Amino acid sequence: MRTLNKIIIYIFLIVTALITIYPLLYVFSAAFSKGQSISALNIIPFGDGINFNHFRYLFKETNYLNWFKNTFIVAALTSALTVLIASLSAYVFSRFNFTIKKTMLMTLLILQIFPSMLAMIAIYVLLLRMRALDTLWGLVLVYVAGNIPYNTWLVKSYMDTIPRSLDESARIDGASHLTIFFRVILPVATPIIIFLAIVTFTAPWMDFIFPKMILRSPEKQTLALGLFGFVTDKKSEFGSFAAGSILVAIPFIIFFILGHKHMISSFGAGAVKE
Amino acid sequence: MKMNMESLTEKKVRNTSLLFMGLAHILYLKDYLKGSVFALIELIFLVSIPKVIKNISNLITLGTPKPHLPIFQRDNSTYMLFDGIITIIFILLFFLMYYISVKSARKSYQEYKIKGRRKNVRESLADISTGSFSLFGLLPALLLVVFFVLVPLIFSACVAFTNYSAPNHITPNNVVDWVGLDNFRTLFGGDILWGKALGRVSLWTLVWALLATTTCFFGGFIIAVILRESKIKIAPVFRGIFILPYAVPSVISMLVWQNLLNGSFGTVNRTLMKLGIIDKVIPWLSDPWLAKFTVVMINLWAGYSYFMLLTTGSMTAISQDIYDAARIDGANSFQVFSKITFPLVIYQTMPLLVMSFTHNINNFGAIFFLTGGKPVVADSATTSAGGTDILITWIYDLTINLQKYNMGAALAVMIFIILAPFAIFNFSRTKSFKEGEL
């Protein structure tokens, strides 16, 4: 009975593992295959040997490096600005009292549930008038604004748990509000700040809708746009798509496997704390 | 100016500050700095009144057609709508400032009554520095949220009551008009095809969100329990494998699956045929019902890792004492699971389950990159809603491909309505709400 149980469990786990690995195996196999289209892909993984054509093609014939650079700039700026703006407003919400604080906090809480995507047209009109269409900073502004409502709450809830006696003793020493924010509060709030920085840095890598709407010229494309361009209805360059994808995915995979324990505890903390 | 401060009453202070912003600060309270800031705000508002009136009247008419003019000189309804909304916010802000100024005057007066003297310059400066710190600290966040989130959302809610759509009402060539509830009439029975599509897509959106959340949760939970309870030695190896779908960006995994599941070229069908399991291709993504099933299954593939990690974490947090006590009381392992582990894990992850449900209602990526909302069904030619389209992907189609902005916006209003209870849930869950203060 015990061994039977164990066998069933092993079979279940192995089957699940196989299904989990299945598509990833074919991505690698396609990335190192000769042909482009999915129909030419050998159904035995790596059945046609190993070939670096697609990587050569990516770096020589396409703007892959440029896409990567653009995406990195957008992600880094989004992350930095979100952290700065959200934590500053969280500090104000957590430590100061003013007339419509309640209304503002409630508005943010309600706004965070609606995805920015619902407001696409208006954002388009706004960027058009600001002459920010087809610019990376326009995209960054859209992302940062979308990040603020939820993350202000997240950081505020964390800062609420930091004892006020800390700021008060600094104030007695003559520290200004800004000094207290940067020297006292931010260092204590580091865990939530790191969490925020990571989450807001990773999200823009694979967003598709806003880059598609905002960025037009070929040299301003991001990775998601570029990769999507390989496998549209019109053409199927699955090989290049796979090669480009694994180059992005590998850093993510390494990062997640190393950091998943920390991530999950932060996830829990972030969600339950409010 | 020798004012007789004894005769100064709270009513007088209130009325003076109501008369003109900051007047009471300057006349009675001698708080010149604050007073002039308030007065400046009122002046700015008075100067911009003509502009305010023009913007509001534009908001009401949304412009008149002027076909004889060159395109860039014609009335642009979208700009007018946008400016109108911002103007309304501007007016509200002005009245808020008015309220704040009266309140501040009364507060200063009361302090004066208690202390018997006016605020000196130092106190007044300290006041202003604290006030301006909160103002400037919030300013970047406020500007961004107002212009990029709040106004756009109101804008799209407004568009639902206009005829902003291709081919006859697209700015800047043509103007847009308010049409009242016409778009909603079309959706709710005015037009059989639209009505049917709305019913079908809304129902599928809810079913999808429910199935996507529960399959991923139980999938992840079961695996977490098995890895924990079975005590096999290579559990970490399995865990390492099971985490992979979570680490791969979802756009990539969805596009990969889309290709692998392709009807005639995909590796899945070709492999199954080679093995002799099937002799006809399986229409994974092109049969309306099978496509729905496939979408849920692929989402399970992509989503179970997250819940596996989450429930693993949550089970580790359960105190060992509870288990020991249960064992002593003679509970078998099934009872321990169903009476202790399961309820505790559900309780702990409930907020995240709700979050995941709202996330799935708007899970654009899982549908768009896998099926693009296809396959085509009976009403797709008119409404562009395919067999696996959920509301958000349908909105994307209507907006980007068909330029039926009005219908897209009407559907966005539907999403607002569906999500509103969750917004309230979110609010009631906050600690501050529970403690009766914010």
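Residues numbered from 1 in each chain as written. Chains lettered and ligands numbered in written order. Predicted model: local features only at pLDDT ≥ 70, side-chain atom pairs only at ≥ 80, totals over all residues. Heavy atoms only, no water.

Looking at a nonpolar patch on the surface
Residue and element names in this part refer to chain A.
- Residues Leu25, Phe28, Phe46, Ile50, Phe52, Ile250, Ile254 and Leu258 make up a contiguous nonpolar surface patch of about 760 Å² in total accessible area.
- Residue assignment for the nonpolar patch shows that the elements contributing at least two residues are α1 (2–31) and α12 (238–273).
- When residues in the nonpolar patch are grouped by element, the largest group, 3 residues, is from α12.
- Turning to its location among the elements, phenylalanine 52 is positioned in the loop between α1 and α2 (53–61). (Patch = residues over 30% accessible without salt bridge, like charges linked within 9 Å, V, L, I, M, F, W, Y side chains within 5 Å. Areas by Shrake-Rupley, 256 points an atom, 1.4 Å probe, with all protein chains shown as cover. Salt bridge = Lys/Arg side-chain N within 4 Å of Asp/Glu carboxyl O. Helix = DSSP H or I, 4+ residues; strand = E, 2+ residues; numbered from the N terminus.)

A look at the confidence of the model for chain B
- For chain B, the mean per-residue pLDDT works out to 87, and 96% of the residues sit at or above 70.
- Considering each helix and strand of chain B separately, the mean pLDDT is smallest for helix α20 (residues 431–434) of chain B, with a value of 59, and largest for helix α4 (residues 49–61) of chain B, with 93. (pLDDT = per-residue confidence, 0-100.)

Considering the pattern of salt bridges
All names here are of chain B.
- Under the defined criterion, the tally for this structure stands at 7 salt bridges over all chains.
- Note that aspartate 75 and lysine 66 form a salt bridge whose closest N and O atoms lie 3.1 Å from each other.
- What makes aspartate 75 buried here is its relative accessible area of 13%.
- Here glutamate 229 ties to arginine 228 by a salt bridge, and the two come within 3.8 Å at their closest N and O atoms. (Buried < 20%, exposed > 50% of the residue type's maximum accessible area, 1.4 Å probe, protein only.)

A look at the nonpolar core
- Formed by 207 residues in total, the largest nonpolar core has its most connected members in A:Leu118, A:Phe210, A:Val248, B:Trp208, B:Phe242, B:Trp394 and B:Leu411.
- A per-element tally of this core places helix α8 (residues 192–229) of chain B first, with 16 residues.
- The residues that make up this core include at least three from each of domain 1 (5–159) and domain 2 (184–434) of chain B.
- Aside from chain neighbours lying at most four places away, what touches A:Val248 is A:Tyr64, A:Trp205, A:Met206, A:Leu223, A:Leu227 and B:Ile252. (Core = buried A, V, L, I, M, F, W, Y, C linked by side-chain atoms within 4.5 Å. Domains from an automatic or database assignment. Contact = heavy atoms within 4.5 Å.)

Some thoughts on the packing of α4(B) against helix α5 (residues 77–115) of chain B
Residue and element names in this part refer to chain B.
- Axis separation between α4 and α5 bottoms out at 8 Å; the angle between their running directions is 130°. Accordingly, the angle class assigned to the pair α4 and α5 is oblique. The two elements α4 and α5 cross, and the hand of that crossing is left-handed. Across the interface between the two elements, Val52, Asn55, Ile56, Asn58 and Leu59 of α4 pack against Met80, Leu81, Asp83, Gly84, Thr87, Ile88, Phe90 and Ile91 of α5.
- Among the residues forming the contact of α4 with α5, the class breakdown is 8 nonpolar, 4 polar and 1 charged. (Axes fitted to C-alpha atoms, helices over the stretch in contact; angles between N-to-C directions. Parallel < 35°, antiparallel > 145°, perpendicular 65-115°, else oblique. Left-handed = near helix turned anticlockwise from the far one by under 90°. Nonpolar A, V, L, I, M, F, W, Y, C, P; charged D, E, K, R; others polar.)

With respect to the domain arrangement of chain B
Residue and element names in this part refer to chain B.
- Looking at chain B, the domain boundaries give domain 1 (5–159) and domain 2 (184–434).
- Counting residues at the interface gives 4 residues for domain 1 and 6 residues for domain 2.
- In this assembly, domain 1 packs against domain 2 so that about 340 Å² is buried in total across both faces, 77% of it on carbon and sulfur atoms.
- The largest contributions to the domain 1 side of the interface with domain 2 come from Ser156, Ala157 and Val159, which together make up 82% of the buried area.
- Our count for the contact surface shared by domain 1 and domain 2 stands at 0 salt bridges.
- In this structure, the connection of domain 1 to domain 2 is made through 0 residue pairs in polar contact (both at pLDDT 80 or more).
- Residues belonging to the side of domain 1 that touches domain 2 are distributed by class as follows: 3 nonpolar, 1 polar and no charged. (Buried area = accessible area lost by both parts, 1.4 Å probe. Polar contact = N/O pair within 3.5 Å; in protein donor to acceptor, adjacent residues only side chain to side chain.)

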